[in-house]
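What follows is the residue order along each chain.
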Amino acid sequence: MTSYAITQTCCNDATCVAVCPVNCIHPTPQERAFGSTEMLHIDPATCIGCGACADACPVEAIFPVDSLPVAQREYATINAAYFADQEPEPAPDGPNFHAWDEPSFPRVLPSDFAPLKVAVVGTGPAGMYAVQDLLLHTSAEVTLIDRLPVTGGLVRFGVAPDHPATRKVGDTFARFHTHPRVRMHLGLDVGADVTAQELAAHHDAVIYAVGASADRTLAVPGEELPGSISARAFVAWYNGHPDAAPGAIDLSAERVVVVGNGNVALDVARILLADPDSLARTDIADHALAALKSCKVREVVLLGRRGPEDAAYTRSELLALKQIPGLDLVVDDHDPRTGPAIDASGPKSDPKSDPKGRAALLRGVTRARVDWAQAPAPGRRFVLRFHSAPMEMLGEEAVQGMRVVEASGERTIRTDMVLRAIGYRGVPVEGLPFDETTGTVPHEGGRVTGQPGAYVVGWIKRGPSGGIGANRTCAAETITTLLADAVSGALPAPRRAPKAFHRLARRRSRGGSAAPIR
């Protein structure tokens, strides 16, 4: 009997944990490591090969080890390595496979609990996990609102098109779009088309799941020059976001510098360097595919302030980039700390090694000093340049280079395009308080501070961190707080009926259809 392994597309949703009969998937939501883990792992020594986890997985990330695709076989080792240092649990005395946690009932609703009228602003993962919780566990009636004419949020417009399995989590959410207790209004901008006050006046509670729609800035000279583009704008462009103009991106540069080393940075690098014919089999925007087929980009440079052991990308995303056929990977060996950090990395059992395994993935990758004053060599190349901080974007009318600081001083990298992938940032929500430092709405357990009946979930609540699955736990906390407020009588009574809001919304909506997530 073969064990199963979790692979690259893991979304940390933890649905698999709930259905596993032998508790072989970790970390669980009850374990401290769950909030910071890159992905979940299956213990091959405990797995009984029942396949319940694979059936439940919303993103098709779980496969039997002996049938893993070639590109995914390394995940068998990754799953097993996670449990290398752990002592096996003692065999239970009773008939159960393992000892279960004590039952917990964080929510207790009275038998006469009246149906709530709740508005949810945002149809991305955070909003839809909140909707799912409400519909499955209460008799609430939900008004679902999105300013865009289509649903999906981050799932549709943030996930790279060559990760179709990750997008499948949208199928789980799409079934709630036509739920009999859901009314959906697309193309309706809260703050422009309707006010937060109007929304509150027609509902018992309003949940804001509006994400983080702005960019963090580098705050360096030349950042606003043409050719300096936020990774968020680039991702929106190749995913066909309604706000992104088809001709917004110029791909005439031979070398592109990506500032940042998180998963978004690897996503944009991978799209730039992938074979356009392989992207043609995805749902990448037609205008982006046409531009990529004729683009001149031959080299992408990933710029990181710290070393390989501190890289923010996950192992799975680096593995995906290493699997691009015909792509040369190079580690710029300009800093004397980089090579030793890679050489010292090792298995999790080595206490001196990189515990997350990111540096270890660069073992065997070519190390070379790159002459940045010259044009890229023929072929396609991805260069990781650690211990290098941006200081200035050079050029008068457009970007022509980037000045960086390193251990030995300053250096100029010749480039005509810079992608800034240093993180997203929330923007103020009309009618709600806002913390300018964190880019979030102040809250207590999801309850907006000083605003009875208003709640937040997702990145506008906790900041732009965590993947799709992290929103499930986040939404559960917010809904638990909302229901506790409802039971205690803390929710303000709506002054008007939701039906009146639906008439108002139809008059002011800019249109849109409830299309399922692709």
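You'll find the structure just up there.
Just so we're clear, the structure is a prediction, and the values are computed from it rather than from any experiment. (Residues numbered from 1 in each chain as written. Predicted model: local features only at pLDDT ≥ 70, side-chain atom pairs only at ≥ 80, totals over all residues. Heavy atoms only, no water.)

A few words on the pattern of salt bridges. Considering all chains together, one arrives at 26 salt bridges under this definition. Glu299 is the salt-bridge partner of Arg255, the closest N and O atoms lying 2.5 Å from each other. Of the two residues, Arg255 is situated in strand β11 (residues 255–259) and Glu299 in strand β12 (residues 299–303); the sequence distance between them amounts to 44 residues. A single burial state applies to Arg255 and to Glu299, both of which are buried. It is possible to trace a salt-bridge network through shared partners that takes in Asp162, Asp267, Arg270 and Glu317. (Salt bridge = Lys/Arg side-chain N within 4 Å of Asp/Glu carboxyl O. Helix = DSSP H or I, 4+ residues; strand = E, 2+ residues; numbered from the N terminus. Buried < 20%, exposed > 50% of the residue type's maximum accessible area, 1.4 Å probe, protein only.)

Next up on the list: the side chain of Ser228. Mapping Ser228 onto the fold places it in strand β10 (residues 228–230). A polar atom in the side chain of Ser228 sits 2.8 Å from the side chain of Arg420. Once residues within four sequence positions are removed from consideration, Ser228 is found in contact with Gly222, Glu223, Met393, Val399, Val418 and Arg420. (Polar contact = N/O pair within 3.5 Å; in protein donor to acceptor, adjacent residues only side chain to side chain. Contact = heavy atoms within 4.5 Å.)

With five of its five residues buried, β12 lies for the most part within the structure. Burial along β12 is two-sided: the residues Glu299, Val301 and Leu303 and Val300 and Leu302 are all buried. Summarising the sheet, β11 and β12 pair through five bridges and their orientation is parallel. Across the sheet, residue Val257 finds its bridge partner in β12, namely Val301. Where β12 lies against strand β15 (residues 380–385), five bridges are found, and the strand directions are parallel. (Pairing = 2+ DSSP bridges.)

Take the sheet that holds β12 next. Across the sheet, seven strands lie side by side as β10-β19-β11-β12-β15-β13-β14; this open sheet has parallel pairing. In the strand order of this sheet, the two ends are held by β10 and β14 (366–368), each with one partner. On average, adjacent strands in this sheet sit at an angle of 25° to one another, irrespective of strand direction. Pairing of β10 with strand β19 (residues 417–420) involves three bridges; the strand directions are parallel. Across the sheet, residue Ile229 finds its bridge partner in β19, namely Leu419. Each of β10 and β19 touches helix α9 (residues 231–238); the most contacted strand, β10, lies at about 70° to it. Here helix α10 (residues 263–273) sits on the sheet in contact with β11, β12, β13 (327–332), β15 and β19, set at roughly 170° to β12. (Axes fitted to C-alpha atoms, helices over the stretch in contact; angles between N-to-C directions.)

One way to put it is that α9 packs onto α10 with a least axis distance of 10 Å and a crossing angle of 50°. Regarding the angle of α9 to α10, the classification is oblique. For the crossing formed where α9 meets α10, the hand is left-handed. Contacts between α9 and α10 pair Ala231, Phe234, Val235 and Tyr238 from the former with Val264, Asp267, Val268, Ile271 and Leu272 from the latter. Its residues placed into classes, the contact of α9 with α10 shows eight nonpolar, no polar and one charged. (Parallel < 35°, antiparallel > 145°, perpendicular 65-115°, else oblique. Left-handed = near helix turned anticlockwise from the far one by under 90°. Nonpolar A, V, L, I, M, F, W, Y, C, P; charged D, E, K, R; others polar.)

On to helix α16 (residues 470–488). Taking 1.5 Å of rise per residue, the 19 residues of α16 would be expected to cover 27 Å, and the 28 Å separating its terminal C-alpha atoms lies within 8% of that figure. Those residues of α16 that sit buried are Asn471, Cys474, Ala475, Thr478, Ile479, Thr481, Leu482, Leu483, Asp485 and Ala486. (Expected span 1.5 Å × (residues − 1).)

Interpretation note: all reported values are geometric properties and have no functional meaning in isolation.
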